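Reading the structure
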Amino acid sequence: MRARRHHVYLVPGVFGFTNLGELRYFAHVLDVLRVRSRVLGVPAELHVVRTHPTASLPRRAVRVLETIAATMGRDGPVHLIGHSSGGLDVRLLLAPGVSLPSDASVERVAGRVRTAVTVATPHHGTPLASFFTSLLGQRLLRLLSLSTVYALRFGRLPIAVLVKLGAILARLDNRVGLNSRLLDQLFGQLLADFSPTRRGAVESLFGEVSRDQALLAQLTPEGMDVFNATARNRPGVRYGSVVTRGRAPGVGSTFAAGFDPSAQASHAVYQTLYRLASLPPSRLPALAPAQARRLRRAYGTLPGAAPSDGIVPTRSQPWGDVIHAAQADHLDVIGHFREDATAPRHVDWLTSGSGFDVERFEAVWADVARWVFRPGT
């Protein structure tokens with residue numbers, strides 16, 4: 001008897017650049033999942049969803065719904081894996097009774113889903129979203145997102161841009177001398193290095209961003225309170241999460257980042273983002289006993305309000321089973337860390353000093369594959 005083919009859908013987070021040619025958001029994740037599915041003897045078809053970069057969660061969930069409806073075929077289990085806000089797209093699509101503006105049948109699609117995995121997802125929001133909803137924050141988020149695309153394309157950011165970006169972030173507390181003109185100048189400097197064709201694709205991406213930024217307000221802790229009150233888990237679907245905790249900035253993390261000037265400038269960016277992503281103690285989410293045990297086992301102690309992966313508070317991330325808890329920053333866990341020995345190479349721009357490497361990356365996704373494809377799924 002031939003084994004059923006499983007359909008796995010990967011959903012990117014904010015600014016998911018799956019439409020920028022060779023700059024593939026999930027490139028390394030796809031490689032590992034292909035290998036692990038073969039090792040486990042599970043025939044699997046992998047799909048990457050092209051979502052709207054910063055549109056509202058309902059609009060993004062519609063894109064997930066319509067992608068699955070068009071490609072899942074007539075049989076076989078469906079599995080959803082969402083990184084960052086992509087995990088919220090997955091949860092919304094699966095929420096019982098959800099009404100989405102699409103002709104595709106939610107129940108037809110959701111009825112085939114067996115597992116939902118969220119990776120570094122802000123289930124209880126991230127304070128960074130509150131900052132990025134301001135005019136200055138929107139300009140800075142645009143620059144940070146282009147910086148990620150640039151690093152993946154060229155290997156690293158120009159040191160002059162990193163130094164200026166680090167200086168900007170260092171002044172965020174008082175905002176003295178900060179203005180959108182400087183951020184726009186740095187954006188233009190990076191964009192000018194792309195080929196005309198690639199520049200057009202990047203400009204198109206950010207044009208879409210400028211037209212719809214509803215997602216940012218929804219990712220605040222207050223916005224997620226509303227989301228969680230209505231987006232219940234779907235019976236019959238197993239929910240699991242990958243949790244990330246970046247290294248707390250300090251002397252140790254600075255030393256671990258290395259002595260390369262570019263790495264140190266990138267680490268200065270990480271330090272500020274880490275601080276901004278800390279939850280107020282009054283908003284610390286409760287944990288199920290099994291979740292708390294898993295986090296203590298991974299980190300040696302239960303993370304409080306301060307730890308984050310540089311983007312999302314660690315305590316905001318558990319949902320359902322904690323499949324894996326990694327010492328990693330927000331981009332490490334999807335393969336964007338520095339490693340020159342592999343092909344294609346891993347590239348990083350957010351230098352956290354976490355020590356994340358290929359072995360740890362493969363361990364994360366091996367655990368995910370075992371959990372998703374476990375017998376009986």
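My aim in this report is to walk through the structure given alongside it, one point at a time. Just so it is clear, the model here is predicted, and its values are computed rather than measured.

A few words now on the pattern of salt bridges. Evaluation of the coordinates by the stated rule reveals five salt bridges. A salt bridge links Arg34 to Asp31, with the nearest nitrogen and oxygen atoms 3.6 Å apart. With a gap of three residues between them, Arg34 and Asp31 both fall in helix H1 (residues 27–39), about one helical turn apart. Overall, the relative accessible area of 29% leaves Asp31 in the partly exposed class. Linking Asp225 and Arg283 is a salt bridge whose minimum nitrogen-to-oxygen distance equals 2.5 Å. With Asp225 in helix H11 (residues 221–230) and Arg283 in the loop between helix H13 (261–276) and helix H14 (289–299), the pair connects residues that are 58 residues apart, well separated along the chain. The class of Asp225 is partly exposed, set by a relative accessible area of 42%. A relative accessible area of 29% places Arg283 in the partly exposed class.

Along the chain, the position of Ser241 falls in strand S5 (residues 238–245). Since its relative accessible area comes to 0%, Ser241 is described here as buried. For Ser241, the side chain forms a polar contact with the main-chain nitrogen of Trp319, separated by 3.0 Å. Ser241 has contacts with Thr118, Gln317, Pro318, Trp319, Asp321, Val322, Ile323 and His324, leaving out every residue within four places of it along the chain.

Moving on, we get to the sheet that holds strand S1 (residues 6–11). Overall, parallel pairing links the six strands, which are arranged S2-S1-S3-S4-S5-S6 in an open sheet. Edge positions in the sheet fall to strand S2 (44–48) and strand S6 (321–327), since each of these pairs with one other strand and no more. Mean inter-strand twist for the sheet, computed between neighbouring axes without regard to direction, equals 15 degrees. In this fold H1 packs onto S1, S2 and strand S3 (78–83), with an angle of close to 170 degrees to the strand it touches most, S2. On the sheet, helix H15 (residues 358–372) packs against S3, strand S4 (113–119), S5 and S6 and is oriented at approximately 175 degrees with respect to S6.

The subject of this paragraph is empty space enclosed by the protein. Going through the model one piece at a time under the given rule, you end up with two cavities of 30 Å³ or more. The computed volume of the second largest cavity comes to approximately 40 Å³. Per element, the largest residue contribution to the lining of the second largest cavity is three residues, and it comes from H15. Looking at side-chain class alone, the lining of the second largest cavity contains eight nonpolar, no polar and no charged residues.

A separate point is the packing of aromatic side chains. Applying the stated criterion across every chain, the model contains four aromatic pairs. Measuring from ring centre to ring centre gives 4.7 Å for Tyr25 and Phe26, while their planes differ by 65 degrees; the resulting arrangement is edge-to-face. Comparing Tyr25 with Phe26, the two get one shared label, buried. Here the basic side chain of Arg91 rests over the ring of Trp319, its NZ or CZ set 3.6 Å away from the ring centre. Lying across the ring of Trp371, Arg238 places its NZ or CZ 4.3 Å from the centre.

A separate point is the side chain of Asp89. Turning to its location among the elements, Asp89 is positioned in helix H3 (residues 86–94). According to the relative accessible area criterion, Asp89 is buried, its value standing at 0%. With residues near it in sequence (within four places) discarded, Asp89 still touches Val11, Pro12, Thr51, Leu57, Arg60, Ala61 and Val64.

To continue, consider a nonpolar patch on the surface. Nonpolar side chains collect at one region of the surface, where Val35, Val39 and Leu40 lie side by side and expose about 230 Å² of accessible area between them. Relative to the helices and strands, Val39 is located in helix H1.

Reading the values: rules and limits
Residues numbered from 1 in each chain as written. Predicted model: local features only at pLDDT ≥ 70, side-chain atom pairs only at ≥ 80, totals over all residues. Heavy atoms only, no water. Salt bridge = Lys/Arg side-chain N within 4 Å of Asp/Glu carboxyl O. Helix = DSSP H or I, 4+ residues; strand = E, 2+ residues; numbered from the N terminus. Buried < 20%, exposed > 50% of the residue type's maximum accessible area, 1.4 Å probe, protein only. Polar contact = N/O pair within 3.5 Å; in protein donor to acceptor, adjacent residues only side chain to side chain. Contact = heavy atoms within 4.5 Å. Pairing = 2+ DSSP bridges. Axes fitted to C-alpha atoms, helices over the stretch in contact; angles between N-to-C directions. 1 Å grid on protein atoms, 1.4 Å probe; cavity = no way out; pocket = protein on both sides within 12 Å on 5 of 7 lines; lining within 4 Å. Points joined across faces, edges and corners; volume = space filled by probe spheres on them. Nonpolar A, V, L, I, M, F, W, Y, C, P; charged D, E, K, R; others polar. Phe/Tyr/Trp six-rings, centres within 6.5 Å; stacked < 30°, edge-to-face > 60°. Lys NZ or Arg CZ within 6 Å of the ring centre and 35° of its normal. Patch = residues over 30% accessible without salt bridge, like charges linked within 9 Å, V, L, I, M, F, W, Y side chains within 5 Å. Areas by Shrake-Rupley, 256 points an atom, 1.4 Å probe, with all protein chains shown as cover.

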